[in-house]
Amino acid sequence: MDTSDSENVLRRRVLTAAALAPVLAGAGTAAARGGRPAVQDGAGATRRLRPVTTTAEDWHGVARAMGRTGIMAGAEYQLGFLRDDLRVTSRGVSVHPALAVGSHVSFVRYDDGSTLLMGDLAIAESELQHVIGSLHAKGLQQTAIHKHLLAHSPEVWWVHVHGHRHDAKALAGALRSALDRTATPARARPVERVKGLDTKRIAAVLGVKGFDDEGVHKCLFFRRETVTMGCLVMPPGLGAMSAFLFQPLGGGRAAVNGDFAMTADEVQHVLAALHRGGVSIIELHNHGLDDEPRLFFVHFWAVGDAVQIARTLRRAVDATDVAPFEPVHPAGTR
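Residues numbered from 1 in each chain as written. Predicted model: local features only at pLDDT ≥ 70, side-chain atom pairs only at ≥ 80, totals over all residues. Heavy atoms only, no water.

Before going further, it helps to spend a moment on the sheet that holds strand β7 (residues 141-146). Sheet strands pair via backbone hydrogen bonds, and the direction of the pair is either parallel or antiparallel. The strand order across the open sheet built from six strands is β1-β2-β5-β6-β9-β7, with neighbouring strands paired in antiparallel fashion. Both outer strands of the open sheet, β1 (71-73) and β7, are each paired with one neighbouring strand and no more. The average undirected angle you get between the axes of adjacent strands in this sheet is 25°. The sheet contact formed by β1 and strand β2 (residues 76-82) spans three bridges and is antiparallel. (Pairing = 2+ DSSP bridges. Helix = DSSP H or I, 4+ residues; strand = E, 2+ residues; numbered from the N terminus. Axes fitted to C-alpha atoms, helices over the stretch in contact; angles between N-to-C directions.)

On to the sheet that holds strand β17 (residues 291-292). In spatial order, the strands read β13-β12-β17; together these three strands make up an open sheet with antiparallel pairing. Because the sheet does not close on itself, it has two edges, and the strands there are β13 (232-233) and β17. Sheet topology note: the strand β12 (residues 228-229)/β17 ladder contains two bridges and is antiparallel. Each residue of the ladder has a partner; that of Thr228, found in β17, is Glu292.

Among the secondary structure elements, Leu274 is positioned in helix α8 (residues 267-276). Put simply, Leu274 and Val317 are 43 residues apart on the chain and 9.9 Å apart in space, counted from C-alpha to C-alpha. Non-local contacts of Leu274, meaning those with residues more than four positions away in its chain, are made with Phe260, Val279, Ile281, Val298, Phe300, Thr312, Leu313 and Ala316. (Contact = heavy atoms within 4.5 Å.)

A word on the pairing of strand β14 (residues 241-250). Among the 10 residues of β14, seven are classified as buried, and the element is accordingly described as predominantly covered. Relative to β14, strand β11 (residues 216-223) runs antiparallel, the two sharing six bridges. Paired with His217 across the strands is Phe246, a residue of β14. Between the end of β14 and the start of strand β15 (residues 253-262), which pair antiparallel, lie two residues, with Gly251 showing a positive phi angle near 65°. (Buried < 20%, exposed > 50% of the residue type's maximum accessible area, 1.4 Å probe, protein only.)

With that out of the way, let us pick up the packing of helix α7 (residues 199-206) against helix α9 (residues 306-317). Contact geometry for α7 and α9: axes closest at 9 Å, N-to-C directions at 15°. As the angle between them shows, α7 and α9 are arranged roughly parallel. The element α7 and its partner α9 pack so that their crossing is right-handed. Of the residues in α9, those touching α7 at Arg201, Ile202, Ala204, Val205 and Leu206 are Ala306, Val307, Ala310, Arg311, Leu313 and Arg314. In terms of residue class, the contact of α7 with α9 is built from eight nonpolar, no polar and three charged. (Parallel < 35°, antiparallel > 145°, perpendicular 65-115°, else oblique. Left-handed = near helix turned anticlockwise from the far one by under 90°. Nonpolar A, V, L, I, M, F, W, Y, C, P; charged D, E, K, R; others polar.)

The next subject is α8. Turning to α8, its buried residues are Val267, Val270, Leu271, Ala273 and Leu274. Viewed end-on, α8 has its buried residues packed into an arc of 165°, placing them on one side of the element. Among the exposed residues of α8, those pointing more than 90 degrees away from its buried face are Gln268, His269, His275 and Arg276. Just downstream of α8, Gly278 is the residue with a positive phi angle, here 80°. (Arc of directions from axis to C-beta.)

A word on the pattern of salt bridges. For the coordinates displayed, the defined rule picks out 11 salt bridges. For Glu225, the salt bridge identified is with Arg223, shortest N-O distance 2.7 Å. Between Arg223 and Glu266 there is a salt bridge; the shortest N-O distance is 2.7 Å. With a gap of 43 residues between them, Arg223 in strand β11 and Glu266 in the loop between β15 and α8 connect regions that are remote in the sequence. (Salt bridge = Lys/Arg side-chain N within 4 Å of Asp/Glu carboxyl O.)

We now examine unusual backbone geometry. Here the residue pair Ser153 and Pro154 is connected by a cis peptide bond, since its omega of -5° sits within 30 degrees of zero. Take Pro154: it is sitting in the loop between β8 (152-153) and β9 (156-165). Cis geometry is found at the peptide bond from Glu292 to Pro293, where omega equals 0°. Considering the arrangement of structural elements, one finds Pro293 in the loop between β17 and β18 (296-305). One non-glycine residue with positive phi stands out, namely Arg91, at about 50°. Judged by relative accessible area, Arg91 falls into the exposed class, the value being 53%. Backbone geometry places Glu214, a non-glycine residue, at a positive phi of 60°. Looking at where Glu214 falls in the secondary structure, it is placed in the loop between β10 (211-213) and β11. Classification of Glu214 as buried rests on a relative accessible area of 10%.

Summarising the element assignment, Thr54 is placed in the loop between α2 (17-20) and α3 (60-66). Assessed through its relative accessible area of 9%, Thr54 is described here as buried. Separated by 3.0 Å, the side chains of Thr54 and Trp59 make a polar contact. Ignoring any residue separated from it by four or fewer positions in sequence, one finds Thr54 in contact with Trp59, Met72, Ala75 and Arg109. (Polar contact = N/O pair within 3.5 Å; in protein donor to acceptor, adjacent residues only side chain to side chain.)

Below, the structure is given as structure tokens:
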């Protein structure tokens, strides 16, 4: 693979990091403990902090601390770590790491010079308490701990993490310490092409143009609202996406995993649509602590005809206030 191809693949991977697992997080504690300090304007009122534009060069310290180079996706500097050290099976399906077994983190710079870290970590059950202990020791918060899969082996948990400080390298170092308590591979996974799916029909049914990434096909939708967490305004889509991932199984069949981002009044409509269509519901929960609007997430699992599953997902999508998210790819790269 030449340099331009590698860069384009990395860009596609990073643009979907939030999709693998949406990373809302937060709590209003002091910055020294990983939380968000109150920021006041001249009149003494709390003001909102907004993300600012950065370049990859601004994140060299983070890259060194993490031991891996990320990529810019809008205002976010993102890194992903697939757990291809784990051979996970769920209901008789060998789960591709890109389908459901990956850690993803985002770094965002704000207009007061502070940095937000949000992400979720895929952690083997034998690693879980060690990781939680490391996060506490380094002042990073956990805002959700749950599963993305039903009956599966080995047991994997997802830990949503949050930190907000003025020292981005310290945030990255704290996260790296937690990852070092796991067997997460340091290397990147080789690129894989998706075969055996009618992606054009899936796109027509869902109303969004998906894309292949690391061996699975991804379709994304973002919440239309501006999402805030305490005093922080989130970049568009960060932590507020519905993501559907298709792992081809041959003959037009797929294992489909992902989640919906919903407001409270949408939850029952989505659950009902999924259940009527035979899609298994895994978890209903929050990913954050002080997001506004308050968002809920439902993780799901389905195996069968990919287009038919897409039809069920479309009925659930139509019950939510989202818009298609289609990453911008350089001409000729797809």
